[in-house]
Every structure is written in structure tokens, then in C-alpha cells.
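Coordinate inspection notes
Residues per chain, in single letters:
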Amino acid sequence: MSHFMELLFQRKFAAKLLTLIVISLGAFTAYHLPLAEKPRFDMGKGDIVTVYSGASAQDIESNITSKIEKELLSISGIKEFTSVSETGVSRVSLELNPNVSDPNSVYQDIRDALSRLSDLPLGVTEGPTLSIKKSYSLDFMVVGISGDVSYGELRSKAKSLELELRKIDGIGEVYPVDLRAPEFIIQLEPISLKRYGLTIDEVASIISERNALISGGRLEQLQNNPELMTEAELNSITALQDMFISFKPKLTLNDIAGLIDNGFEKGEVYGSINGHKSILFDLRTDEAADVIKTSAAVKVLLDKQQGLLGEQYTLDVGFDLSADIQEKANIVQNNGLLGLALVLITLALFLDRRIAFWVAVSIPVCIFGTLALLPSFGQILDVFTLSALILIVGIIVDDAVVVSDRIIALVEQGHSVSKAVSLGVKSVFPALLASILSTMIAFIPLLFLPGNSGKLVYVIPLTVIIALCFSFIDALFLLPAHVKTILKNTTKIENKSWVKLSALNAFIALAIKKRQLVLPSIVVLVFSLAFLSYKNLSFLFFPTDGAYLIEVSVEAEPELDLDDVWLQTQQLEAMFKDTAEVSYWYGEVSSPSSFWVVTLTPANSRSRTAEQLVQEWESNAGGIAGLAQIEFDIDGGGPPVGRPIDLRVVGGSDSGREQLTNELVSYLEQMDGVTRVRRDINEPAPQIQAELQHRWLSYYGISASQVGDVIKYAVDGKRVTRIFNGEEEVYFRLTLEDDDKLLPELDNLMLRASSGQLVPLNELVRWTFTDSQAQIKHFDGERVVRVSAGVDASITDPVSAFSQIQAEFSSKSYQGASIVATGQILETQEALTGFTIAILLAFAGIAILLLLLFDSVAESLIVLSVIPFGVAGALLILVIHNQVLSFFSIIGMIALIGIMVNNSLVLIWHLKDKEQQLLERGLVDFVIEGTQSRIRPITLTTITTVVGLIPLAYGIGGYDNYMSPMALVVGWGCIISMIVTLTVVPSLYLWFKSFEKR
């Protein structure tokens, strides 16, 4: 190793070439890396959607959702699943256990389970399909087309737009909303059916059998081997009208139908973009896409299509993630460039300009070297990666500063340049290696934080660790060769007298001499302030002060149809339109549940926060008629979505669950710091039940499913067959005329008994008017009611609130019903556990490293003494800056553990290395002189770290609500660490040596 280092020191051109290669490769890689909002990771979540048009919530729950849930319960690796059964659709959302080693195998088990569902209702139009959520495959853009034209004309233009969107490079999936399938609609006349002795299901069977296209193979005995086809497709209105029904009497379909027409399936949802009823397209990127470039391509296409379509149509954007990504990237880049400039200025002020240049070169070497390696770890260029690079801008020059300072000091002592370089590198190598490893050890546990929060920040420790490796290589192998060239080509090192830091030297000498007073004073002061800070520090893992997305959920009165809900929700959308801070929005309106996603202008360009806007909207939206409940959720950008307090009242009897829900809501409304309490209302929807007369069913030999099918045909209609028109499938829907869909008309519908006679429906059923649930929700297969609330972070936090709830309700019985925490509460609890383990592992790992380096428990503890001071100071800084204790500020504290140890470690190593001079100078003078000799590098490394982080910490180039608190903690923590390193650490070392001497 020593020989290799000596050899590299002699190869100045090799050092320059390696430096150039690393920077060039990194720049090339960075140019081609796609830019995204978040790192690539599997979120361990999926959705299963099944469409059964016209079916009631109870029908969906019984015949679809419960069957899917039964299969999911048998699959290992699923942490939890929730479901919503409502009119026409079943939605099941699932989440995997975070410790699953192979998520793909679990996903395949789920797909296999879904394929085993063979007893789903025949009316299911879209079978249960699993869609997996990954950080890069979430919707990045929602666009839509609207116009004052018929739905058919609008749909035709939307289909063309969809095809063009799918052609854009980077788009992986396109999900349309309200793009209804074309249908031949056949409306029968009950009176004609009765006159000719036909039933609806018999007509359906005739149409299904009549529509055929069958290949019979090739007639090889004939010339040219022609293919034989059996073609009887009903591919036009005329063919349908003329379709033969019977000989006696001679009937065609036109004789018993009131209307046969081209149309579309019944709409279950209306899309909305910026207040216009639209056909929406939810766009998702593929794995290798650059979101910003893909979004730009979509906008170019929309402009082009708008020019072709003219003013009759409007193409609009309702959501664009690229705008936020670009905003965050600009914030990070601006702050990074400002920090880099400040670091360079600091180096130029402290060091000889030629030395400063090569020390500064270590920054691009480390940054571009890291970017060159990130793709091999499956990572891309995202906001968190860029923030991590800012975090280390000041840190990565520390090693270069220590090495160059030591070499220059040896030259100033009279050593030759070659010897100074060799001795300088060798003398700091152990301490440098230990300091690099200590910082890595602090970051390594962050690679294993649980949950999606851990996956989200995984790239931060990964980036820092890779950058530290490059910093180590540059400081030991490349920088010495550069410095050696400079020193050999000059006769004088630029000596900056002010850098001697005379005032600081005097202060340090005084502090060490007065250690009996200074040491306890600092300890008492710092820890008293830390205690007060912690008591007054708000705790909110995922603050929303920089949020730009607001999700709005609405539950309408169940008796309202889709058109009525649309009219009522226009008042809500008018409120969005009148808010200056709103950029655009999109929504999906259905009955009874609707939702919108509202995008705000960047946080740095508006005076009001998302929380303030929500408070205003809630006060204005309360009077909108027909909307039973409106809920506003602020998306802070982190992995746990939803409200801070998100609870499920699960299982038990309906009465027990309702009692627990009511008491829980009342308790939350009285809790200090809890705001905007909401619960699932799920008001009953009017329903008419057909009570089967089983005695008569048995007498006539008619099955219950026959009766259900006839009612289904009559009211909502059923698809009986299909054709392919060359572009898409066209379905045949059989139903009654609209004015015949009344109970008296239904009573006269006929069913065929086993004997062949016709039996009116009113002999087989009795109509009962009742109420039913419009929406049925499950949690892990049991019925559930959701209760949610916001929190005032200055008073309480989600975990503390849940602890109070548990204490209040754990001893009470509610007929089997219980409270389950989800969302931020669960994510916060998992993260706290992960942080606790990470801190313990980091502390233990650094302690073991120091023991191996110093072979002394006392000296290791002296080095570690800076950690509690730094953390205590970080808490104080958060309070002073009116910040909360958040997920990312805790990450900053863990990162600070490794950073703080460095200066203390190098100082103790320096004192230990010079112990032979102890007898010459005396103990106190030796410690003072030894500490003063390290003031310049310690001060410089601290200043470079701090100035590199100042722009991000204070949002000089734009504020980021996640990364700025982390930079704030690390930056101020380093300043406190420097003060402690230069005062407390030498005082403790002096006390230890005095004790050892005695």
C-alpha cells in the first residue's frame, strides 16, 4: 500500500488523467440520467379493480369483494388490505410486508389467486386485475379533452388523442377516464314481448347465437386452398333490425324492439379538468423515462392537436408532476451552486490559491464520480439524490483540507517536498480512514430503514457513502500528486496572516486553562437548553408547510344521480377557480363518491400555505347542498399519504362498530391539537328489494338466477354478445325502453316456466322499499369505518394522539370492534423504531472503530463526547428556527453523528501522535499547542461544510420543506461540534491525562 501511494505521488500526469476521466464519465452519465421526483423503488402496494356495471354495493361485496379477500387471506407476505364495494365496482388495495424478500413472487401469487376466481358473476365486464404501484410508474400527468359537442364526437377525438399519447417515448401506460365502450343498444317493448310470447332472456339467447364468425379451416382439395368461414355477424343496425326471431308468427327483432341504435355504455364517472367535463387520460411513465422530457413531449402534442382541432375542442392539463420536479430540481441546483460558490470562496480565503484550486477539484471528482456509479445501483437522478449531493459539498473537501494542510505544515517545518508529501499522507492516513469510516457507519443504518419512508431516503445514505469513497481516494491518491507539483514549482506558499486566527487561538487557550469553569458551564448550558428545546419542540414526521397538492374527497347524498352530483360539485370547483394559489386541478365525479387533486403554485411563490387554504375552503364548502361530506387531505410529498390521524374502526357487530366510531369522534373533537375530525358517513341509499317467492319459483321450476337476470336485463341492461369493428370491440346491450323501467311494467314481464308456460314476474317477487349502504368498506376482510383528523403540530403529533386514544379505549368493549392505526401513525411508529435502531447501530459501530484505532476506552469516549452536544444543539436550532422534529431532521441528526466525530477524532489522533513532546512542554501547554495546531483545518472544514449547506438550510435558492431542515440540523450541528471539539474535547483529554498521570 505504501509503495503504491509513493508510486502514485510520482505520477502527476496519471493523477490529472484520472481526475479528468472521473469527471468526464460522471458528467456524461449525469447528462443521460433521467430526472424524476423520487428514487426508483417498489412501493409494495397494489390495487385490484373489478367492474360489474349496475350492481349494488351489497351485490359487489357478496359476489366479488368477499371472494377476492378470501383468496388474499391465504397469501403470505400481505401486510394488510382494504376494500371499497360500491355501485358497479369493487376496489381492493393491498400492502406487502416490508420484510418480504421477493415482492414479485407475492404479486404472482396474487395473480394466480385471482385467476382461480371462476365463480364471479357473468355480468362482470372487467375482471379483477392487479396493478402494482412503483415510485416511477405513478401518474405523472393528467390531460383531457372537452368540447361543446356530442359525446360520440368527443369520444372520436379522444380515441385519436389516446393513440398519439401512447406513441410518445417515455409513456408506459395510459388510463382513460369516461372513455365509454361503444354498444348496440337494443330496447325491447314489454307489450310486444307479451304479445308474441317471448321473454327477455330468450331474445338475449337468440341474439347471442345469431351473432357468429367462425373459421372452418382450409379446403385443401380445392384450388388455392380457400379458407372456409361461417359468418353471421350482426355488424350494422340494419342487420340487427332484420334479424330473424321466429317463423310463427314471422318476427324480426325490429318487431319487438322500440329502439335499436348505436350508442355507448352508461357513464359511471365524469372526468373534470379545471371545471370542464372532459375525457381524461392518466399518464404514467415507463421505468427509463425522464419525466420532464416526457411531459414536454406531451405538451407539444397537445399544442399540435389543439391547432388541428380548433376552438371547438379544448385540450387541457389537470396535473403535471414535471412542474414540481423541475421546481424542486431548480431549488436543489440553485442552492447547490450557491453552496459550491461559497465553499470555493472559503477555500480561496483560507488557502494558497493554487492549493485551493486542487482542493476544490475534489468536489467535482466526488460528485461526478458518484453520479457515474449510481446507475449501477439501480438509481437515477432525482430530487433526493441532488439534495444528498448538496449535503456533502462541504463534507467532501474535509479530507482534502486535512491532507493539504498537513503537507504544507511539514514543508513549513523544513521538510523536503517529497518527504512532506509522503510523511503528511502517512501521518493522517489512520485518522482519515477512521473519520471516513465513522461517517459511513453513521449513514449505513439509514440504508435499512423500514417502510416506504426508508425506501424513499435510501438514496441519500447511498449517495453520501459513494461520495465519501471518492473523497478518500482523491485525498490520498490524487490530491498529493497535485500538491507535490505545485510545491516543487514554487518557492513560496501564499501565507495569509488573518488565517492564523489569533483571536480564536487566544480564546481556546483561555478556555483550556479555565477548564474547571468552562467545561461545566458549557455542559450545563447546552443540556439545559436542549431539555427546554425538546419539551417545546413539536413532533410531526411529515410536515406540510411546503406542500403543493391538496386531495379532495366528496361523499354526495346517495339519492343523487351522476348528473345531479356533477351540478352540485361545480360549486366546489368554482371555489378552486377563485383561489389565486391554484394552478390547475382534475377530478373524477361519480355517485356517491368523487375526488379531485388540486395543484397549487410553488410554495416559494405564494404567501399562504396549503393548510391555510384548506381552512378557508372548509369554511366555504360547508353550505353546498347535496354534498354530505367534504374532506381535504394535504399531500406533503412523503410516502404516507392521507391525514396525520388515520384510524380504522374494524370488525365486530354493526352496532358495536357504530358506537365505537361515535365515541371516538367525540373524543377526538375534545383533544387538544386535533383538528378537522371526519368519519365515514355512508348515508343509506334508497333501494327496492325483490323478495323472491320461493314457493312459486319451485312450483314453476324457475330459478332465482333467471329472475335476477330478467330484472338485470330490464333495468340496467346486459351485454349479450360482441363484434370487432376493425378498431375496437362493440358490445350488444339488451334492455327495456326507458319509459318501461317502472314497477308496474316490470310486474308484467314474463319468464318461461319448466312446463313452457309464461309466468308474470309479479307472481314470483314482492317489491320492498328499504334503504341500503351505497358504499361498503373492509379492512383485512372485515367491515370498517374510517375516522381521520388533522393535527396542530405545535400542540400534539399523530403518535402522541394515538397513544392517548389507546389509553382511553383499550379497556372498553364494543362487541368485538377495535381501533387500528394506519397511514402516518403507522409509518411514524415504524420510522421511530428504525431510527432508534439506526442511532444505536451508528453509535456502537463508531465506538468499535474508535476502540480499534486508539486501543483506549477513555480516548474513544472523549471522541464520542461531541455527539450529545451536537444533537442537543440541533434540537435548540430547530426550536429557534420554528421547525418541527421531522423525519428528515432526524436523518440530519443521524448524519451529524458521523460528521461530528471527524474533527474530534483527528484532534485526539494528533495529540496522541505527538505525545512524545508532552514532557518537553508540560501537559497543559502541550494540549493547548496541539489544539491550536488543529484550529485552522478544523475551522476550515467546519466552514466549508456550513457554507455549503447555508443556501439549502435557509432556502436562499428556494425552500424545500424536507431537505432544508436536514441541512439546517447538519450545518448548525457542525458549528456546535467545532466549538465543542476545540473546548470540551481538549479539556476532557487534559483531565484524562492528568488522572492517568496521577
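Residues numbered from 1 in each chain as written. Predicted model: local features only at pLDDT ≥ 70, side-chain atom pairs only at ≥ 80, totals over all residues. Heavy atoms only, no water.

Brief notes about the sheet that holds strand β26 (residues 729–736)
Read from one edge to the other, the open sheet built from four strands follows the order β13-β8-β26-β25, with strand pairing classed as mixed. Whereas interior strands pair on both sides, the edge strands pair on one side only; in this sheet they are β13 (257–264) and β25 (718–724). When strand polarity is set aside, the average angle formed by the axes of neighbouring strands in this sheet is 20°. Pairing of strand β8 (residues 182–188) with β13, which is carried by seven bridges, proceeds in the antiparallel orientation. Each residue of the ladder has a partner; that of Gln 187, found in β13, is Leu 259. (Pairing = 2+ DSSP bridges. Helix = DSSP H or I, 4+ residues; strand = E, 2+ residues; numbered from the N terminus. Axes fitted to C-alpha atoms, helices over the stretch in contact; angles between N-to-C directions.)

Quick notes on the side chain of Glu 728
Counting through the fold element by element, Glu 728 comes out in the loop between β25 and β26. Within the local environment of Glu 728, its side chain forms a polar contact with the side chain of Arg 155, the two groups lying 2.8 Å apart. Apart from the residues within four sequence positions on either side, Glu 728 is in contact with Arg 155, Lys 159, Pro 182 and Ile 723. (Polar contact = N/O pair within 3.5 Å; in protein donor to acceptor, adjacent residues only side chain to side chain. Contact = heavy atoms within 4.5 Å.)

A word on the pairing of strand β3 (residues 78–86)
The pairing of β3 with strand β4 (residues 89–96) spans eight bridges and is antiparallel. Each bridged residue has a counterpart across the sheet, and for Glu 80 the counterpart in β4 is Glu 95. In this antiparallel pair of consecutive strands, β3 and β4, the connection spans two residues, and Gly 88 shows a positive phi of 85°. Sheet topology places β3 next to strand β30 (residues 775–779); five bridges connect them, and they run antiparallel.

As for the packing of aromatic side chains
Inspection of the entire model under this criterion finds 17 aromatic pairs. Between Tyr 699 and Tyr 700, the aromatic rings sit 5.0 Å apart at their centres with planes inclined by 80°, giving edge-to-face as the arrangement. The positively charged end of Arg 180 is found above the aromatic ring belonging to Tyr 151, 4.0 Å away from the centroid. When the ring centre of Tyr 731 is taken as reference, the NZ or CZ atom of Arg 719 above it lies at 3.8 Å. (Phe/Tyr/Trp six-rings, centres within 6.5 Å; stacked < 30°, edge-to-face > 60°. Lys NZ or Arg CZ within 6 Å of the ring centre and 35° of its normal.)

Side note on the environment of Ser 521
Looking at where Ser 521 falls in the secondary structure, it is placed in helix α19 (residues 515–536). Distance from Ser 521 to Lys 67, taken between C-alpha atoms, is 69 Å for residues 454 residues apart in sequence. Within polar-contact distance, the side chain of Ser 521 engages the backbone oxygen of Leu 517 at 2.6 Å.

Things to note about the packing of helix α18 (residues 502–513) against α19
Put simply, α18 and α19 touch, their axes get as near as 5 Å, and they point 95° apart. Judged by the angle between their axes, α18 and α19 are roughly perpendicular. Facing α18, whose interface residues are Ala 511, Ile 512 and Lys 513, α19 presents Arg 515, Gln 516 and Val 518. Taken together, the residues of the contact of α18 with α19 break down into three nonpolar, one polar and two charged. (Parallel < 35°, antiparallel > 145°, perpendicular 65-115°, else oblique. Nonpolar A, V, L, I, M, F, W, Y, C, P; charged D, E, K, R; others polar.)

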